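Spelled out, the chains give:
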Amino acid sequence: MGDLSRVVLLLTGLLGLLRFAELPRGLRYLVGLAWFGLLMETASIFMHGHVSNLWLIPFDSAGELWLLSLVYAWALGSARFARWRPWWVGAFVLYAGLSSLVVPRARFSTGVLVLESLLLLLLAGLYFRKLLNELQVPRLDRDPMFWVSTGLLQFSLGKLLIALFGNYMLEHYSLALNQWVWALHALLITVLYLCYFRALWMRPQK
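Residues numbered from 1 in each chain as written. Predicted model: local features only at pLDDT ≥ 70, side-chain atom pairs only at ≥ 80, totals over all residues. Heavy atoms only, no water.

Q: Can you break down the nonpolar core residue by residue, with the values?
A: Grouped together as the largest cluster of nonpolar side chains are 44 residues, with contacts concentrated most on Leu30, Leu68, Tyr72, Met145, Tyr193 and Tyr196. Of all elements in the fold, only helix H1 (2–18), helix H2 (25–47), helix H3 (57–76), helix H4 (79–102), helix H5 (110–134), helix H6 (144–172) and helix H7 (175–201) reach the threshold of two or more residues within this core. Considering every element that reaches this core, the biggest residue donor is H3, with nine residues. Among all residues touching Leu68, those that are not within four sequence positions of it are Leu30, Leu33, Leu120, Leu123, Leu152 and Tyr196. In this structure, Ile57, Leu113, Val114 and Ala163 belong to the second largest nonpolar core, which totals five residues. (Core = buried A, V, L, I, M, F, W, Y, C linked by side-chain atoms within 4.5 Å. Buried < 20%, exposed > 50% of the residue type's maximum accessible area, 1.4 Å probe, protein only. Helix = DSSP H or I, 4+ residues; strand = E, 2+ residues; numbered from the N terminus. Contact = heavy atoms within 4.5 Å.)

Q: Account for the environment of Arg198, with residues named and values stated.
A: Inspection of the secondary structure puts Arg198 in helix H7. With 50 residues separating them along the chain, Arg198 and Val148 place their C-alpha atoms 8.5 Å apart. Excluding residues within four positions of it along the chain, Arg198 makes contact with Asp141, Arg142 and Trp147.

Q: Can you explain the pattern of salt bridges? Please cite residues and give values.
A: Tallied over the full model, the rule gives four salt bridges. Its salt-bridge partner being Glu41, residue Arg6 comes within 3.0 Å of it at the nearest N-O pair. Taken together, the residues Arg6 in helix H1 and Glu41 in helix H2 connect sequence positions 35 residues apart. Its relative accessible area of 23% is what places Glu41 among the partly exposed residues. Between Arg19 and Glu22 there is a salt bridge; the shortest N-O distance is 3.3 Å. Residue classification places Arg19 among the buried positions, given a relative accessible area of 9%. (Salt bridge = Lys/Arg side-chain N within 4 Å of Asp/Glu carboxyl O.)

Q: Give a description of H5 that names residues and reports values.
A: Taking 1.5 Å as the rise per residue, H5 with 25 residues should run 36 Å; its terminal C-alpha atoms sit 36 Å apart, in good agreement. Burial in H5 covers these residues: Val112, Leu113, Val114, Glu116, Ser117, Leu119, Leu120, Leu121, Leu123, Ala124, Tyr127 and Leu131. (Expected span 1.5 Å × (residues − 1).)

Q: How would you sum up the packing of H4 against H5? Please name residues and give values.
A: It is the contact of H4 with H5, at a shortest axis distance of 10 Å, that shows an interaxial angle of 160°. With respect to their mutual orientation, H4 and H5 come out roughly antiparallel. In this structure, the crossing between H4 and H5 has a hand that is left-handed. From H4, Phe81, Trp88, Phe92, Tyr95, Ala96 and Ser99 reach across to H5, where they touch Gly111, Val112, Leu115, Glu116, Leu119, Leu123 and Leu126. Split into classes, the residues belonging to the contact of H4 with H5 amount to 10 nonpolar, two polar and one charged. (Axes fitted to C-alpha atoms, helices over the stretch in contact; angles between N-to-C directions. Parallel < 35°, antiparallel > 145°, perpendicular 65-115°, else oblique. Left-handed = near helix turned anticlockwise from the far one by under 90°. Nonpolar A, V, L, I, M, F, W, Y, C, P; charged D, E, K, R; others polar.)

As structure tokens, then:
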């Protein structure tokens, strides 16, 4: 499952490059997110078997949230959101950086993952609230941000559960169960990037 998620991630990044000139500004940030994900995956693969790659989690979370906040700043079109975005994203990046210095490298950065998951759920929730309030999308399946937000919703819920119980499972359960959890995480990533792929494939509605 991990290999499949990487293939989908690579295809999403390549599609983004092919369509980059046609994409609106917000979805170009999504292309950057795909390539940032590929960078993190490559670093994780090189470290596998040598050192724990769990210490990459704070950096991955900080980059992911920063880029997605730019996507949603474009999608929401809210002056208030745009004004406050640098402050709360900057605070999260600072927290993630401090966490990388404090949390042992062989453990999950639980606080970072939980907070990131909640913030990503908030971003998706803000989009759905805007959608319900305005009701200006004739076909949801033709709206790129609907697919982005749907993928983000399922991914964040699953990631939140893994974050809450990750360290406990590392300490008290078998290797087989830990591998099953990572396979579930890979499945969540695969579905997320399939949604991103769908969003980048279509032509946004006017």
